[in-house]
Amino acid sequence: QVQLVESGGGLVQAGGSLRLSCAASGRTFSVYVMGWFRQAPGKEREFVAGVRWSPANTYYADSAKGRFTISRDNAKNTVYLQMNSLKPEDTALYYCAAGRVPNWGGTMDYWGKGTLVTVSS
């Protein structure tokens, strides 16, 4: 069992930056791949960024490439999402997720409750 708690969301102006954090507890953090997903009102949850067991193996949705950076610190049991050049369309509830295998389609094993990111025009 893994518990995930996101933080760092908030209101930011377009073009600004936010850094989301996801603190994990429970099972050994390093055995899980980690991902960030988001869901906007009226839309389906979508993949944003993922990182496999090695911090060097990262993956991004097209919408995130060049703007977002996912990272993990296994020593701190924490995964981050640095978001730069934010756009209003980035507004969503951002979820942290952990999985035993990479599944960027959204079939992860554990989910946080989300942190809200609102980007104003």
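Presented here is an overview of the structure given in this document. (Residues numbered from 1 in each chain as written. Predicted model: local features only at pLDDT ≥ 70, side-chain atom pairs only at ≥ 80, totals over all residues. Heavy atoms only, no water.)

In this section: the environment of Gly114. In this fold, Gly114 is placed in the loop between strand S10 (110–111) and strand S11 (115–120). As a C-alpha pair, Gly114 and Phe37 span 77 residues in sequence and 9.1 Å in three-dimensional space. Discounting chain neighbours no more than four positions away, the residues touching Gly114 are Glu6, Leu93, Tyr94 and Tyr95. (Helix = DSSP H or I, 4+ residues; strand = E, 2+ residues; numbered from the N terminus. Contact = heavy atoms within 4.5 Å.)

Time to look at the packing of aromatic side chains. One pass over the full model with this rule turns up six aromatic pairs. Seen in terms of ring centroids, Tyr95 and Trp111 are 6.4 Å apart; in terms of plane orientation they differ by 80 degrees. Their pairing is edge-to-face. On the criterion of sequence distance, the pair formed by Tyr95 in strand S9 (residues 92–99) and Trp111 in strand S10 is long-range, its members being 16 residues apart. In textbook terms, an aromatic cluster arises when at least three aromatic residues are bridged by ring pairs, as seen for Phe37, Phe47, Tyr59, Tyr95, Trp104 and Trp111. When the ring centre of Trp111 is taken as reference, the NZ or CZ atom of Arg45 above it lies at 3.8 Å. Seen from the ring of Phe29, Arg72 lies directly overhead, with NZ or CZ sitting 4.4 Å from the centre. (Phe/Tyr/Trp six-rings, centres within 6.5 Å; stacked < 30°, edge-to-face > 60°. Lys NZ or Arg CZ within 6 Å of the ring centre and 35° of its normal.)

Bringing the pattern of salt bridges into the picture now. Overall, the coordinates contain five salt bridges when judged by the stated rule. Arg38 serves as the salt-bridge partner of Glu46, at 2.7 Å between the closest nitrogen and oxygen. Given a relative accessible area of 35%, Glu46 falls into the partly exposed group. Lys65 serves as the salt-bridge partner of Asp62, at 3.2 Å between the closest nitrogen and oxygen. The class of Asp62 is exposed, set by a relative accessible area of 66%. (Salt bridge = Lys/Arg side-chain N within 4 Å of Asp/Glu carboxyl O. Buried < 20%, exposed > 50% of the residue type's maximum accessible area, 1.4 Å probe, protein only.)

Right, let's talk about the nonpolar core for a bit. With 29 residues, the main nonpolar core has Leu4, Met34, Trp36, Val79, Leu81, Met83 and Tyr94 as its most contacted residues. Every element with two or more residues in this core is listed here: strand S1 (2–7), strand S3 (18–26), strand S4 (33–39), strand S5 (46–51), strand S7 (68–73), strand S8 (78–83), S9 and S11. Apart from the residues lying within four places of it in its own chain, the contact partners of Met83 are Gly16, Ser17, Leu18, Leu20, Arg67, Phe68, Tyr94 and Val117. Judged by nonpolar contacts, the second largest core, of six residues, contains Val33, Phe37, Ala61 and Met108. (Core = buried A, V, L, I, M, F, W, Y, C linked by side-chain atoms within 4.5 Å.)

Scanning the model with the defined rule gives one disulfide in all. Residue pairing for Cys22: its cysteine sulfur links by disulfide to Cys96, the two sulfurs lying 2.1 Å apart. Of note, the bridge from Cys22 to Cys96 carries an S-S torsion of about -80 degrees and is left-handed in sense. Here the residue Cys22 occupies a position in strand S3, and Cys96 occupies one in strand S9, the gap between them amounting to 74 residues. Here the two residues Cys22 and Cys96 agree in accessibility, since each one is buried. (Disulfide = S-S within 2.5 Å.)

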